[in-house]
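# Topology and contacts: notes
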Amino acid sequence: MVSDSQAPKGVHADDQKWKVEDALRRAKWWYSTFHTVTAMIGAGVLSLPYAMAYLGWGPGAMVLFVSWCMTLNTMWQMIQLHECVPGTRFDRYIDLGRYAFGEKLGPWIVLPQQLIVQVGCDIVYIVTGGKCMKKFMEMACVNCVQIRQSYWIVMFGSIHFFLSQLPNFNSVAGVSLAAAVMSLSYSTIAWAGSLSRGRMENVSYAYKKTSVEDSMFRVFNALGQISFAYAGHAVALEIQATIPSTPAKPSRIPMWKGAVAAYFINAVCYFPVAFIGYWAFGQDVEDNILLNLQRPAWLIASANLMVVIHVIGSYQVYAMPVFDMMERMMMKRFNFRQGFCLRIITRSAYVVFTIFVGVTFPFFGDLLGFFGGFGFAPTSYFLPSVMWLVIKKPKRFSGKWLINWASIFIGVFIMLASTVGGLRNIIADASTYTFYT
């Protein structure tokens, strides 16, 4: 049985030096707001009308609302568990995993899921950034020579060779704030542009006409796209680690305040984009709603540029924990010294990897579905509930016990269905795609 007085299993002596120094824990509650907004509201919001096209009005609205409630609850659980042992702060997801599941099992449960989320997001953001840069230039300069999409993805990825050298979360606070503002702005343009355009002629809200098999897999993929839109949990503990904590004012208070503000912004962005975008274009909506909007050209071009700025910040928010893990491994196994040389080797290698995968598989909607199911469903929907049951041990058949088990069953179903649907769609779309064009 796990008790509050038990020494945490997840904290190693050699890991203590990697804990965030108290002097660096100076973030305010609004830092957590824009970091969470940047991590959560990203490329996924633009695909919500497309997911609605496969789910329909009733099921689509229900999945969106239930996901919002479920992930807000699991975010609260993560925030509470950050300091569930007095005097100890679990600054990383893997630390909490070790404490909940044990020294050997914890990393195998938590680390793969967290890496899938973080690396998967960065790959999707590389693709999104490149595509939106291409769209912006085509609308801003109609007479310019057209450049291949692959080149745009590479150009966008190259920005991160420089930004990735920023040392920690606090150093990317300005980038993250700009990204959060951009996400709210382009989401507003997406739904306001759809509303001002009005419903297209002969709009249809019937399910897309396709084979029964393809329709089933596309529905599964739509669940993954919605899962992808509810992110942030994979870096929640790392964000909370930047907030100071005292017995009188523990970090969970400002962190929860920031998370509630972030979820309010989330609702303001997600629900109008999903419902108004689907209302305007029906089953003919694209997997990126901005592609359906052409007028006014300057506004839609600006929205694409905003997406570019936003995913620049989002990439860094998700990459920072990966950089920390890679540098930790290089120091432990190869005796590298911490510093600029280590950063430029490990972080540049990571950027190259995400660019390569993004150029090879630039399937925006399919990537959202696959990574949303394979990574986001566990980390956002049910893994926090499992850890809550293990650590807090609520009374059997109590309200909290039932809510957590419901989250687990729903989350596991979404994970399995959307992973299968996303992978199948990637394979199907890749069969008709000419690579590196």
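As the structure is a computational prediction, the values presented were derived from the model and not from experiment. (Residues numbered from 1 in each chain as written. Predicted model: local features only at pLDDT ≥ 70, side-chain atom pairs only at ≥ 80, totals over all residues. Heavy atoms only, no water.)

### Here's the deal with the overall build of the chain
The condition that has to hold: Note on conventions: DSSP H or I runs of at least 4 residues are helices, E runs of at least 2 residues are strands, and numbering of each starts at the N terminus. Per-residue accessibility, obtained with a 1.4 Å probe over protein chains only, is compared with the maximum for each type, and a residue is labelled buried under 20%, exposed over 50%, and partly exposed between these values. Working rule for contacts: check all heavy atoms of both residues, and any pair within 4.5 Å makes them a contact. All accessibility values rest on the Shrake-Rupley procedure with a 1.4 Å probe; residue burial counts only the protein chains present in the view.
Scanning the chain from terminus to terminus reveals 15 helices and zero strands. Considering the chain as a whole, with its 437 residues, one finds that 57% of them fall into the buried category. Taking the intrachain contacts of the chain between residues at least 6 apart in sequence as the baseline, contacts between residues at least 24 apart amount to 86%. A total of about 18100 Å² of accessible surface is found on the chain, and carbon and sulfur atoms cover 68% of it.

### Thoughts on the environment of V322
Within the fold, V322 resides in helix α12 (residues 297-334). Sequence-wise, V322 and Y350 are 28 residues apart; in three dimensions their C-alpha atoms are separated by 8.8 Å. In this structure V322 touches L115, Q118, V119 and Y350, once residues within four positions along its chain are discounted.

### Side note on the nonpolar core
Generally speaking, a soluble globular protein has its nonpolar side chains buried in company with each other. What counts is decided by this rule: We define the nonpolar core as a collection of buried residues of types Ala, Val, Leu, Ile, Met, Phe, Trp, Tyr and Cys that are connected through side-chain atoms lying within 4.5 Å of one another.
Counting 98 residues, the largest nonpolar core has I226, Y230, Y270 and Y318 as its most contacted members. In terms of residues, this core owes the most to one element, α12, which gives 16 residues. Beyond its immediate stretch of four places on either side in the chain, I226 contacts L48, A51, L55, V63, L64, S67 and Y381. Among the nonpolar cores identified, the runner-up in size contains 16 residues, and V85, A100, F101 and V110 belong to it.

### Looking at the packing of aromatic side chains
Which entries qualify depends on this criterion: A pair of Phe, Tyr and Trp rings is counted when the ring centres sit within 6.5 Å of each other, with Trp represented by its six-membered ring. The angle between the planes then sorts it: under 30 degrees is stacked, over 60 is edge-to-face, the rest tilted. We call a charge positioned over a ring when the NZ of a Lys or the CZ of an Arg lies within 6 Å of the ring centre and within 35 degrees of the ring normal.
A full pass over the atoms with the stated rule returns 16 aromatic pairs. Arranged with centres 6.3 Å apart and planes meeting at 45°, the rings of Y125 and Y318 form a pair that is tilted. Here Y125, found in helix α6 (residues 105-140), pairs with Y318, found in helix α12; they are 193 residues apart in sequence, far enough to count as distant. Here Y125 and Y318 have matching classes, each one buried. Considering the side-chain rings of F397 and W401, the 4.8 Å spacing of their centres and the 55° angle between planes classify their relative orientation as tilted. Looking at F397, the relative accessible area reads 58%, which means it is exposed. Following the ring pairs from residue to residue traces out a cluster consisting of W57, Y205, F271, F275 and Y278. Cation over ring: K392 sits above W388, and NZ or CZ is 5.6 Å from the ring centre.

### Points about the side chain of S194
Tracing the chain through its elements places S194 in helix α8 (residues 173-197). Those residues in contact with S194 that lie beyond four places of it in its chain are I189, I276, G277, W279, A280, F281, I289 and L293.

### Description of a nonpolar patch on the surface
Going by this rule: Patch construction takes residues with relative accessible area above 30% that form no salt bridge. Like charges are linked within 9 Å, and nonpolar side chains (Val, Leu, Ile, Met, Phe, Trp, Tyr) are linked within 5 Å. One speaks of a salt bridge when a side-chain nitrogen belonging to Lys or Arg is within 4 Å of a carboxyl oxygen belonging to Asp or Glu.
On the surface, M62, F65, V66 and I410 cluster together into a nonpolar patch covering about 360 Å² of accessible area. The element that contributes the greatest number of residues to the nonpolar patch is helix α4 (residues 57-81), accounting for three residues. Tracing the sequence through the fold places F65 in helix α4.

### Here's the deal with the confidence of the model for the chain
This is how it is decided: Values of pLDDT, the confidence the predictor places in each residue, fall between 0 and 100.
Scored by pLDDT, the chain comes out at a mean of 81, with 87% of its residues at no less than 70. Averaged pLDDT values over the elements of the chain bottom out at 44 in helix α1 (residues 13-16) and peak at 92 in α4. In this model residues 1-21 is a low-confidence stretch, pLDDT under 50, and it forms 47 contacts with partners more than four residues away in sequence or in other chains.

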